[in-house]
Amino acid sequence: MAVHEEKKQSLRAANAEGMGVDSWLAREIRQGARAASVNEFGTYLTQVDVAIREANIDLAATITTAEGRVSQNPNLDGFIFESDHAASFNMDAALKGESVRAKVLRPETGQTYAKNSADIAVVDAEGNVLQEVQAKCYRDAEHSNMAFEEGDYGNQGKLVPKGHEQGESTSQIQQGNVKSKQVSKEEAKTAQAKAQREGDVPQKSWDDFTWRELSVNIGKQTLLASAQGAIISTSISLAVSLTQQEEVDGEELVEVAITSGSKSGATCATAGALKVAAELDMLPRISLPIPESDILLGATINETSTASVTAACCSRGRDLTSVLKSSSVAVGILASVVVDGAQTA
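Residues numbered from 1 in each chain as written. Predicted model: local features only at pLDDT ≥ 70, side-chain atom pairs only at ≥ 80, totals over all residues. Heavy atoms only, no water.

Visitor: Please clarify how the overall build of the protein should be interpreted in this entry.
Guide: Regarding its fold elements, the protein presents 14 helices and 6 strands. Looking at the protein residue by residue over its 345 residues, the buried ones come to 47%. With an accessible surface of roughly 17700 Å², the protein has 47% of that area assigned to carbon and sulfur atoms. (Helix = DSSP H or I, 4+ residues; strand = E, 2+ residues; numbered from the N terminus. Buried < 20%, exposed > 50% of the residue type's maximum accessible area, 1.4 Å probe, protein only. Areas by Shrake-Rupley, 256 points an atom, 1.4 Å probe, with all protein chains shown as cover.)

Visitor: Can you walk me through the pattern of salt bridges in this structure?
Guide: Between side chains of opposite charge, a pair can form as their charged atoms come close. Tallying each qualifying case throughout the model produces 7 salt bridges. A salt bridge links Lys96 to Asp92; the nearest nitrogen and oxygen atoms lie 3.0 Å apart. A residue is classified by how much of its surface remains accessible, and Lys96, at 23% relative accessible area, is partly exposed. The buried category is assigned to Asp92, whose relative accessible area is 8%. A salt bridge links Glu168 to Lys158; the shortest N-O distance between them is 3.8 Å. One end of the pair, Glu168, is in the loop between strand S4 (157-159) and strand S5 (174-175); the other, Lys158, is in strand S4, and 10 residues separate them in sequence. Classification of Glu168 by relative accessible area gives exposed; the value is 69%. By sharing partners, the salt bridges in this structure join Asp77, Lys185 and Lys189 into a single network. (Salt bridge = Lys/Arg side-chain N within 4 Å of Asp/Glu carboxyl O.)

Visitor: I tried to follow the packing of aromatic side chains on my own but got confused; where do I start?
Guide: Each aromatic ring pair is described using two quantities: the centre-to-centre distance and the angle formed by the ring planes. Considering all chains together, one arrives at 1 aromatic pair under this definition. The interplanar angle of 75° and the centroid separation of 5.8 Å between the aromatic rings of Trp206 and Phe209 together place this pair among those described as edge-to-face. With respect to burial, Trp206 and Phe209 carry one shared label: buried. (Phe/Tyr/Trp six-rings, centres within 6.5 Å; stacked < 30°, edge-to-face > 60°.)

Visitor: I would appreciate a short explanation of the nonpolar core in the present structure.
Guide: Side chains of a nonpolar character, in soluble globular proteins, are inclined to be buried together. Counting 17 residues, the largest nonpolar core has Phe81, Phe89, Leu159 and Ile173 as the members making the most contacts within it. At the level of secondary structure, the elements contributing two or more residues to this core comprise helix H4 (76-95), strand S1 (101-104), strand S2 (120-123) and strand S3 (129-135). Per-element accounting of this core gives the leading share, 4 residues, to H4. With sequence-adjacent residues up to four places away left out, Ile173 is seen in contact with His85, Phe89, Ile120, Val122, Gln131, Val133, Leu159, Val178, Lys179 and Ser180. Core analysis: the second largest hydrophobic core is formed by 16 residues, Ala51, Ile52, Ala94 and Trp206 among them. (Core = buried A, V, L, I, M, F, W, Y, C linked by side-chain atoms within 4.5 Å. Contact = heavy atoms within 4.5 Å.)

Visitor: Explanation requested: helix H6 (residues 185-198) in the structure shown.
Guide: Each turn of an α-helix holds 3.6 residues, which means side chains three or four residues apart point in the same direction. Across its 14 residues, H6 extends 20 Å between first and last C-alpha, which sits within 8% of the 20 Å expected from 1.5 Å per residue. The set of residues buried in H6 consists of Lys185, Ala188, Ala191, Gln192 and Ala195. Buried residues in H6, looked at end-on, bunch into an arc of 130°, giving them a common side. Set apart from the buried face of H6 by more than 90 degrees, the exposed residues are Glu186, Arg197 and Glu198. (Expected span 1.5 Å × (residues − 1). Arc of directions from axis to C-beta.)

Visitor: What am I meant to see in the sheet that holds S2 here?
Guide: Strand-to-strand pairing in sheets goes through backbone hydrogen bonds, with the strands running parallel or antiparallel. Taken in spatial order, the 4 strands make up an open sheet running S1-S2-S3-S4, and their pairing is mixed. The sheet terminates laterally at S1 and S4, the two strands that pair on one side only. In this sheet, neighbouring strand axes are inclined to one another by 30° on average, regardless of whether the strands run parallel or antiparallel. Note that S3 and S4 share 3 bridges and pair parallel. Bridge assignment links Ala135 to a residue of S4, and that residue is Leu159. Along the sheet, H4 makes contact with S1, S2, S3 and S4, crossing S1 at roughly 160°. (Pairing = 2+ DSSP bridges. Axes fitted to C-alpha atoms, helices over the stretch in contact; angles between N-to-C directions.)

Function-wise, these values are silent; they only describe arrangement.
This is the structure in C-alpha cells:
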C-alpha cells in the first residue's frame, strides 16, 4: 500500500507540473521498469501449470508400486516428505520465474539405492547439479539428526522435518531466492495414512500458494520492479486485490490498467488476475466482447491449434473458468479481448 500511495502522489505531482499520464508512465518505466511481453507472460503462467502437473505426477509415482498399487511401506512418509519438498520447491521456482528445479533421486527399475547417495538434487536449466540433499524424516528432532551420523554424506545438505532443525540441518531446501515449504513429521504421516487407507493421492494446486506469494510474484512478472522494488500501475492493483483476498474484478482491473497508458501491462495484469481467479474458482462473471463473426478465431487460427480450439470453445459459450484453467494461451487471448473491448467501449 505504501508503494501504491507513493505512486499516486508521484502522479499527482506530475499532473500539477503539466505532465500527462502517458509521460509520467514513460518516466517511471525509464527509471527502472519495463512493460512485460504478453507472450512471455503466457509462457510464465504455463510454467507454473507445468510445475504443478509434474509435482502431482511425481507424488503419484512416490506412493505407488510398479504394479500401480499404493505402497504399504511403513516408511512411506519419508518418501512423501522428499517428494513434497521437491514439489513445493519447483512450484516456488516457477512462480518466481526461476529455472532451477529439484529432483527426487530414485534408482532405476531393478536397482537399489547406493550407499550414502543423495535423496534430492537441485539442478539448473542445463541439468548441472547445484546442490545435493540428504533427507531424514524420523519421529523427533533427536532421531532425525542422529541419522546423519550413520553415513558419510559429504557436502550434502541436511533436510529434516519442521521443528527438527539442529546445527546444520534445515527444514527447507533453498537455492538463491527459491525455497521449498516446510513439512512436519505429522503432515508426512497423515499423507501416508490417507494414501494407504483411502487411496488418497497427495495433490498440489494453485491453492498451495499463499495470497502473498501470488500477489508479489505475479505482480513482478506483470511489470518488472524498479531497483527500489516499486511495482507500478497494474501490478499494484493486482497485488492489493489478492493480498486482501478480494474477488478479482476484471473490469475494475482493466480500468486501472488502461489509465496507466500501458496496453501491454494492462493485458498482462488482466491475464494474471483471470488465471488466479479461475484456478481458485473465484472468477466473477465477465462479459467478453467476442463478436458473432468470431474475429478472434480468425485472428488466431493460424497461430496455434490450442488458440484456435480455445477461441472456438469460447465462441460456443463454454464455461469460462474451464477454458482459462485448460490453457494459458486462452488466458492471454481473453485478456487481450477484455483490454481491447475496454479501450474501444
